[in-house]
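# Report on the structure
Now for the letters of each chain:
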Amino acid sequence: MARLQEVSDTRVRARALAKLGDLLWKDDEPYARQLFLRAYELTAKTDQMTANEVKKLAALRKEILGPIAHRDPNLARKLIEDQKAAPRANQPRSAARRG
C-alpha cells in the first residue's frame, strides 16, 4: 500500500485503490470501503484541469463506481448524490477563461 502512494498518475492510483478494495472486501469490509472512498475522491479533484482531463476523470469515476455499487449499493448511491449536489466550483480551466 505504501508503494501505491508513490504512483504519480492519479488514474492509475485510483484504479489500483478500487481494485484493492474489491479484492479485500470479503476479508476486511471497513478497510475496503476506505480504499473505495479514497479512489473515488481522487477522481473528484478537477480544479486546474482542462476540459479533456475532467472528462477522463469523470469516465474513471464511473468505472470506479462499478465495483463500489457491486459491493455497497448504498455507498455508491450516496457518492452519486453528493456529486450531483456539489457546487460547480471545480470548472475546467478552459471554461473559466470563457466565463
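So, how was this worked out
- Each chain has its residues counted from 1, following the order in which its sequence is written.
- Residue-level local features of this predicted model are given only where pLDDT is at least 70; pairs of side-chain atoms are given and counted only at 80 or more, and the full residue set underlies all totals for whole chains, interfaces and linings.
- Processing note: side-chain calculations cover all non-hydrogen atoms of the structure and skip hydrogens and water entirely.
- When a carboxyl oxygen of Asp or Glu is within 4 Å of a side-chain nitrogen of Lys or Arg, the pair counts as a salt bridge.
- Secondary structure elements follow DSSP: runs of H or I no shorter than four residues count as helices, runs of E no shorter than two count as strands, and numbering proceeds from the N terminus.
- In a helix, the anticipated span is given by 1.5 Å times the number of residues less one.
- Partly exposed residues are those whose accessible area sits between 20% and 50% of the maximum for their type, while under 20% is buried and over 50% is exposed, using a 1.4 Å probe and protein chains only.
- As used here, the arc is the angular range of directions from the helix axis to the C-beta atoms.
- Contacts are assigned to residue pairs that have any heavy atoms within 4.5 Å of one another.
- For this analysis, a polar contact is any N or O atom pair within 3.5 Å, provided that within protein one partner can donate a hydrogen and the other can accept it, and provided that sequence-adjacent residues contribute only side-chain to side-chain pairs.

### Some details on the pattern of salt bridges
Pairs may arise between side chains of opposite charge once their charged atoms sit close together. Overall, the coordinates contain six salt bridges when judged by the stated rule. In this structure, the salt-bridge partner of lysine 78 is aspartate 82, at a minimum N-O distance of 2.6 Å. Of this pair, lysine 78 and aspartate 82 both sit in helix 4 (residues 73–85), four residues apart, roughly one helical turn.

### A word on helix 1 (residues 10–24)
For the α-helix, the turn length of 3.6 residues means that residues three or four positions removed from each other point alike. End to end, helix 1 covers 21 Å across 15 residues, agreeing with the expected 21 Å (1.5 Å per residue, within 8%). Of all the residues in helix 1, the buried ones are Arg13, Ala14, Leu17, Ala18 and Gly21. Take helix 1 and look down its axis: the buried residues cluster within an arc of 130°, on one side only. Considering only its buried residues, helix 1 is in contact with helix 2 (29–42) and helix 3 (51–71). Taking the backbone nitrogen of arginine 11 as reference, a side-chain oxygen 2.9 Å away marks aspartate 9 as the first, capping residue of helix 1.

### What about the side chain of arginine 61?
The residue arginine 61 is located in helix 3 in this model. Judged by relative accessible area, arginine 61 falls into the buried class, the value being 12%. Discounting residues that sit within four places of it in the chain, arginine 61 has contacts with Tyr40, Thr43, Ala44, Thr46 and Gln83.

### Here we look at helix 4
Helix length check: helix 4 (13 residues) gives 18 Å between terminal C-alpha atoms against 18 Å at 1.5 Å per residue, within 8%. Of the residues making up helix 4, those classed as buried are Leu75, Ala76 and Leu79. Angular distribution of buried residues about the axis of helix 4 spans 100°; they occupy a single face of the element. The outward face of helix 4, more than 90 degrees from its buried face, is lined by the exposed residues Asn74, Lys84 and Ala85. Check the buried side of helix 4 and you find it contacts helix 2 and helix 3.

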